[in-house]
Amino acid sequence: MEKLAQFIKNLSHRFRSENDLSDVTWTMCETSDKFQGAFLRFFFPWLKRQCTDVYMEREYVKGNCRPDFFFECDEESYIIENKIEDRNHHFDQYVKTFKIDSSHLGYIANYKIVKSGFNTYTWKELYQYLQQNIPEDERTLWEAYLDYIKNVCNIYIPTKPMDLNGMNSLYTFYRCLDDVFAFDNEYFHSELYPYKRDTKGGGNIHGTPREGIMGKYFELVFKGLKIKKAWGWMGVYFSLEEPIILIGFRNEDGWGQPIYRLLECQTIKSGRLFDAPEEVDNAYLFMFKTPANFNELSLPKQERLLRKFFEDVMMAIYNAKVLC
């Protein structure tokens, strides 16, 4: 099961476009009649179990339209269209081209859509519906698919209420990074890179939504090593119930590529304050091993720990030394 979970996690990192999501969903429908029935009834609840031998076609082309799914039941046509972030919609065009009632168009996205006269759904709603209808004899298969769409669609289901008193801590962390980055010793020089480029950080982990990230970039120069100047990122993934602080180097020219290439061919073991680097979403990430008592420490002690985390990671990279 651990290998399957890792497989699904890796799959969701690499296959996360609209077409990928539709292809994986089509594969599920072809694999399991029970899943196909539940999937179709989510959009069209009047399709009872007597609707058998459904042939579902991917990207059925008619005129200028190419919906993600097309199928017929009792000699009536149905369409399902999938959107991820894309805001280019063709509700009326689908209805006109396929000569169907608006109720025969199932429209699903990873964001909320409101369109008068049409039924629209979110992947979060489908996720919760399928989760409540898992057959015991196919539980492993369904749960693997649910893990996939949860990661791809950045589905977030909160389990705790908001605590407004804790929000200032995020800003405190963000501001203290300026001091965490400031090093000039015999091994390396690092400082804040003051121009905010984006917030995508090191890489997407555990299906974390891009908007659930806050951090800053830093400039890094190793002394006495043939490694070009690089720019890394340090921040926090705060959308997780247990936020993760990390340092990341993206495989991108002009940014973290020199460090990324070194880490590709050098094995760095875990340290006292960091886990061994993990390659995720075309970036290498060093996760902070948050001490159990971190929240109880004074702010100066917390800052010293973060600064030590940063220094230990840089020294681990420095000691790897040789580029492949």
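Here is what the cut-offs are and how they apply
- Residues numbered from 1 in each chain as written.
- Predicted model: local features only at pLDDT ≥ 70, side-chain atom pairs only at ≥ 80, totals over all residues.
- Heavy atoms only, no water.
- Pairing = 2+ DSSP bridges.
- Helix = DSSP H or I, 4+ residues; strand = E, 2+ residues; numbered from the N terminus.
- Axes fitted to C-alpha atoms, helices over the stretch in contact; angles between N-to-C directions.
- Contact = heavy atoms within 4.5 Å.

> When you look at the sheet that holds strand S5 (residues 120–122) in this model, what are you seeing that I'm missing?
Whenever strands of a sheet pair, they do so through backbone hydrogen bonds, lying parallel or antiparallel. Spatially, S1-S2-S3-S4-S5 is the arrangement adopted by the five strands of the open sheet, whose pairing is mixed. Strand pairing shows two members of the sheet lacking a second neighbour, strand S1 (56–58) and S5, which therefore form its edges. Put simply, the sheet's adjacent strands are angled 20° from each other on average, direction ignored. One ladder, built from three bridges, connects strand S4 (residues 105–109) with S5; its direction is parallel. Following the sheet pairing, Ala109 is matched in S5 by Thr122. Against the sheet, helix H3 (residues 33–43) makes contact with S1, strand S2 (69–73), strand S3 (76–83), S4 and S5, and its axis sits at roughly 100° relative to S4, the strand it touches most.

> Is there a simple way to explain the sheet that holds strand S6 (residues 183–184) in this structure?
With respect to topology, seven strands assemble into an open sheet ordered S6-S7-S8-S9-S10-S12-S11, the strand pairing being antiparallel. With one partner strand each, in any of the chains shown, S6 and strand S11 (278–280) form the two edges of the open sheet. Running over the sheet, helix H7 (residues 167–180) touches S6, strand S7 (188–193), strand S8 (213–222), strand S9 (230–237) and strand S10 (244–250) and is turned about 5° from S8. In the packing of helix H9 (residues 299–320) onto the sheet, the strands contacted are S6, S7, S8, S9, S10 and strand S12 (283–287), and the crossing angle to S10 comes to about 35°.

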